[in-house]
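Structural overview for review
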Amino acid sequence: MLQRLRDAGHVACFAGGCVRDLLLGQAAKDYDVATDAPPPRVRELFGNTQAVGAAFGVILVRHRGSQIEVATFRSEGDYEDGRHPSHVRFTTAEEDAKRRDFTINGLFLDPIENRVIDYVGGQQDLKDKRIRAIGNPAERFDEDSLRLLRAVRFAARLGFEIEPVTAAAIVAHAPQLKRISPERIAEELRIMLTAPSRPTAWHLLWELKLIDTIYRFWKFPRREPDASQGFLFDEVSPGEAIPFGLALAAAAVCYRLRRDAGLKDVRPLFSKGEVNAVVQAMRQALKISNDESEQLRGTLAGLAPLFAQTFPGVARLKRFLAEPTAALSRKLMAGLAARRIQRERIEHLERELSQLERTEFAPTPFVNGDLLTERGLKPGPMFRRILEGVYDAQLEGRVNNRDEAVEMALRVAREGGG
């Protein structure tokens, strides 16, 4: 592709994140091409294209089974909404580099001549493991407030330090994060809080004062965390990516915020009202999806019956295992146990759950409402109590077939549903 642009008389090179990753010896997730060819010329040279951002000089080219973004070198006008430029002007590679966010992302690579093109000092910052804004940090963050979170993500993922002037500008511009849609903020958090580097990302969000804006709907008073306490972010899938996404990360956030609020009793138990409030706060702050909301709700609510005063019986444990969020709740419990919160209780629970999950813990109920109606019972509030009681008996092996279950249901109904 680069060669075709070159043969047509244009400048063309790799740009941005792929160059950064290659220079760090990492595999690039995708390759972006920057060129002086204007969008119509790019579409002329490559037959299978899509104008994904033609107004900004970006054309998607499908080439040899791959999809590659080809962007024309550009400079940008004022950012009126804190995210997008009002207009662009096609220009030189040097000007294009200087409009980007961080020096490590402002590099170009000519793979044909094996030459790095660096107008912003990005190579030195890569060597020094430093995140530094290009030019004036205040201007870069005024232009696009999402860069506040991108700085945290890059620093955490790469293990780099954020250069002091850039860090100070992030703190100063933290309130401007409100200009970014909750959905875009959530997408950044999905990446940074589910990666193995999440403890570092979490600490940076606090250190750079971004947490107050992100979780501004959380009702607990917040205070600076103890930097030495990773608290759950270390222990939930330690050293690995969180396998269940933002819902589990958000559940860990809930407990971390409790801890950071100075609450001494950080129990693995949220009341029903607290769970609903937490989910609502997360939906306000991040506009998380319905699926993520229900996963978060289930993850937190699923712990309540396990930590009741009386240790749960077989039926309760089997019902827990049948919940779609049981695996999430158990991951969270493992993190709590690693922090010595209800450790003995959790270890006991895990022994019981590990044995029960090898059994048929969610069998089809022997009786249902239709069957009870056929047997002459009138639908009403008593139905639920009867059905739950009979199913508990089935889970515990006290009834072993439909006839026994029906007999028990009728007996309970005669006794008043209790």
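In this report, we go over the structure that sits alongside the text. (Residues numbered from 1 in each chain as written. Predicted model: local features only at pLDDT ≥ 70, side-chain atom pairs only at ≥ 80, totals over all residues. Heavy atoms only, no water.)

Comments concerning the overall build of the protein chain
Regarding its fold elements, the protein chain presents 20 helices and eleven strands. Residues counted as buried form 49% of the 418 residues belonging to the protein chain. Partitioning the contacts of the protein chain with sequence separation of at least 6, the portion at a separation of at least 24 is 64%. (Helix = DSSP H or I, 4+ residues; strand = E, 2+ residues; numbered from the N terminus. Buried < 20%, exposed > 50% of the residue type's maximum accessible area, 1.4 Å probe, protein only. Contact = heavy atoms within 4.5 Å.)

What about the pattern of salt bridges?
Under the counting rule described, the total for this entry stands at 26 salt bridges. A salt bridge links Lys98 to Glu94, with the nearest nitrogen and oxygen atoms 2.9 Å apart. Here the residue Lys98 and the residue Glu94 both occupy positions in helix α4 (residues 93-98), the gap between them amounting to four residues, near one helical turn. You can call Lys98 partly exposed: its relative accessible area is 42%. Owing to a relative accessible area of 35%, Glu94 belongs among the partly exposed residues under this scheme. Notably, a salt bridge pairs Asp392 with Arg319, separated by 2.8 Å at the nearest N-O pair. With Asp392 in helix α19 (residues 381-395) and Arg319 in helix α15 (residues 314-322), this pair connects stretches of sequence that are 73 residues apart. Residue Asp392 is classed as partly exposed on the basis of its relative accessible area of 24%. Exposure remark for Arg319: the relative accessible area of 22% places this residue in the partly exposed category. (Salt bridge = Lys/Arg side-chain N within 4 Å of Asp/Glu carboxyl O.)

Overview of the packing of helix α13 (residues 272-286) against helix α14 (residues 290-301)
Look at α13 against α14: their axes get within 10 Å of each other, and the N-to-C directions meet at 150 degrees. Taken together, the axis directions place α13 and α14 in an arrangement best described as roughly antiparallel. Our pair here, α13 against α14, has a crossing hand that is right-handed. Of α14, the residues touching α13 (which contributes Val275, Asn276, Val278, Val279, Met282 and Arg283) are Asn290, Ser293, Leu296, Arg297, Leu300 and Ala301. The class makeup of the residues in the contact of α13 with α14 is seven nonpolar, three polar and two charged. (Axes fitted to C-alpha atoms, helices over the stretch in contact; angles between N-to-C directions. Parallel < 35°, antiparallel > 145°, perpendicular 65-115°, else oblique. Left-handed = near helix turned anticlockwise from the far one by under 90°. Nonpolar A, V, L, I, M, F, W, Y, C, P; charged D, E, K, R; others polar.)

Here's the deal with the pairing of strand β8 (residues 107-110)
In β8, alternate side chains face the same way, and those of Leu107 and Leu109 on one face and Phe108 and Asp110 on the other are all buried. As paired strands, strand β1 (residues 12-15) and β8 are joined by two bridges and run antiparallel to one another. Within β8, the residue paired with Ala15 across the bridge is Phe108. (Pairing = 2+ DSSP bridges.)

A short note on unusual backbone geometry
For Lys129, which is not a glycine, the phi torsion comes out positive at approximately 55 degrees. Assignment of secondary structure puts Lys129 in the loop between α5 (122-128) and β10 (130-131). Its identity is not glycine, yet Lys209 carries a phi of approximately 65 degrees, on the positive side. Inspection of the secondary structure puts Lys209 in the loop between α10 (198-207) and α11 (211-214). Here Lys209 falls in the partly exposed class, since its relative accessible area comes to 36%.

Structural notes on the environment of Phe307
Examined against the element boundaries, Phe307 turns out to sit in the loop between α14 and α15. Look at Phe307 and you get buried, because its relative accessible area is 12%. A C-alpha to C-alpha distance of 8.1 Å links Phe307 and Arg345, two positions 38 residues apart in sequence.

By themselves, these figures tell us nothing about what the structure is for.
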